[in-house]
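Chain residues, written in single-letter form:
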Amino acid sequence: MNIHIISVGKVKEKYLKLGIAEFEKRLQSYCKLTFSEVTDEQAPENLSEKDLQLVKQKEGEKILAKVKQDHYVIALDIEGVSWSSEGFAKEIERLSFQGKNQITFIIGGSNGLSEAVLRRADQKLSFSKMTFPHQLMKLILLEQVYRGFKILRGEPYHK
Ligand SMILES: C[S@@+](CC[C@H](N)C(=O)[O-])C[C@H]1O[C@@H](n2cnc3c(N)ncnc32)[C@H](O)[C@@H]1O
């Protein structure tokens, strides 16, 4: 399975870079993992709602330019569906059975994802109603993808 992760902005924190590198390494035996990062738009705190939408729209256009047409797209969105880790693993399995072996996950920037990106998504996935920083979200997603493959293969991992 090919898994591509598109995210907005660079991961700057060292501890997150280390964690991401660790799961990237662990996932090597389970899938082909690739990343794209798009630059985040400058957005001062006091932006009007209209300008904020414009920022999301611009970031969204850069994201959509990286999305391959034949990929099954899962956008990370607080308002999306919630799965258990087992349910997430089953979803990966279901997609694989259906021959959908190219999956793109999209993580938004600090202002979230544009409507256009959410419309392109085949599925919207929530990791709870809590808001996580986008850089941390990348690490959490990788850990859950890794956990999903471990579950599918019946291999031991932390409970
Ligand atoms: C800081 S959050 C953006 C928060 C923004 N106010 C919103 O409502 O989307 C940055 C990105 O991380 C991801 N994210 C953060 N928390 C999430 C959660 N609980 N479930 C799914 N994705 C989440 C989403 O892709 C989001 O666009």
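Preceding block: the structure.
About the criteria used
- Residues numbered from 1 in each chain as written.
- Predicted model: local features only at pLDDT ≥ 70, side-chain atom pairs only at ≥ 80, totals over all residues.
- Heavy atoms only, no water.
- Phe/Tyr/Trp six-rings, centres within 6.5 Å; stacked < 30°, edge-to-face > 60°.
- Helix = DSSP H or I, 4+ residues; strand = E, 2+ residues; numbered from the N terminus.
- Buried < 20%, exposed > 50% of the residue type's maximum accessible area, 1.4 Å probe, protein only.
- Core = buried A, V, L, I, M, F, W, Y, C linked by side-chain atoms within 4.5 Å.
- Contact = heavy atoms within 4.5 Å.
- Pairing = 2+ DSSP bridges.
- Right-handed = clockwise from strand over helix to strand, strands pointing away.

Enquirer: For this particular structure, what's the right way to read the packing of aromatic side chains?
Expert: By convention here, two paired aromatic rings are described through the distance between centres and the angle between planes. Under the definition given, this model contains six aromatic pairs. Centre to centre, the rings of tyrosine 30 and tyrosine 146 are 5.8 Å apart; their planes meet at 85 degrees, and the pair counts as edge-to-face. One end of the pair, tyrosine 30, is in the loop between α1 (14-27) and β2 (32-38); the other, tyrosine 146, is in helix α5 (residues 134-153), with 116 residues separating them in the sequence. The same class applies to tyrosine 30 and to tyrosine 146, which are both buried. Centre to centre, the rings of tyrosine 146 and tyrosine 157 are 5.1 Å apart; their planes meet at 90 degrees, and the pair counts as edge-to-face. Of this pair, tyrosine 146 sits in helix α5 while tyrosine 157 sits in the segment after α5, placing them 11 residues apart in sequence. Through successive ring pairs, a cluster of aromatic residues spans Phe23, Tyr30, Tyr146, Phe149 and Tyr157.

Enquirer: Looking at this structure, I do not really get the nonpolar core. What am I missing?
Expert: Considering soluble globular proteins, one finds that nonpolar side chains tend to be buried as a cluster. In this structure, Ile3, Ile5, Leu27, Phe105, Val145 and Phe149 are the most contacted members of the largest nonpolar core, which totals 28 residues. Those elements giving two or more residues to this core turn out to be β1 (2-8), α1, β3 (72-82), α3 (85-97), β4 (102-107) and α5. A per-element tally of this core places α5 first, with seven residues. Setting aside residues up to four positions removed in sequence, isoleucine 5 forms contacts with Leu33, Thr34, Phe35, Ser36, Phe105, Ile107, Leu141 and Leu142. Judged by nonpolar contacts, the second largest core, of 12 residues, contains Val8, Val38, Ile63 and Val73.

Enquirer: Explain the pairing of β3 to me, please; I cannot follow it from the model alone.
Expert: On a regular strand, each side chain points to the face opposite its neighbour's, so the side chains alternate between the two faces of the sheet. Sheet analysis places β3 next to β4, joined by four bridges and oriented parallel. Within β4, the residue paired with alanine 75 across the bridge is isoleucine 106. This β-α-β element, β3 to α3 to β4, shows right-handed connectivity. When β3 meets strand β5 (residues 123-126), the two strands line up parallel, connected through five bridges. Note on β5: the bridge partner recorded for leucine 76 is leucine 125.

Enquirer: Is there a simple way to explain the side chain of threonine 104 in this structure?
Expert: Inspection of the secondary structure assignment puts threonine 104 in strand β4. According to the relative accessible area criterion, threonine 104 is buried, its value standing at 0%. Discounting chain neighbours no more than four positions away, the residues touching threonine 104 are His4, Ile6, His71, Tyr72, Val73 and Ile74.

These results come straight from atomic positions and should not be treated as a statement about function.
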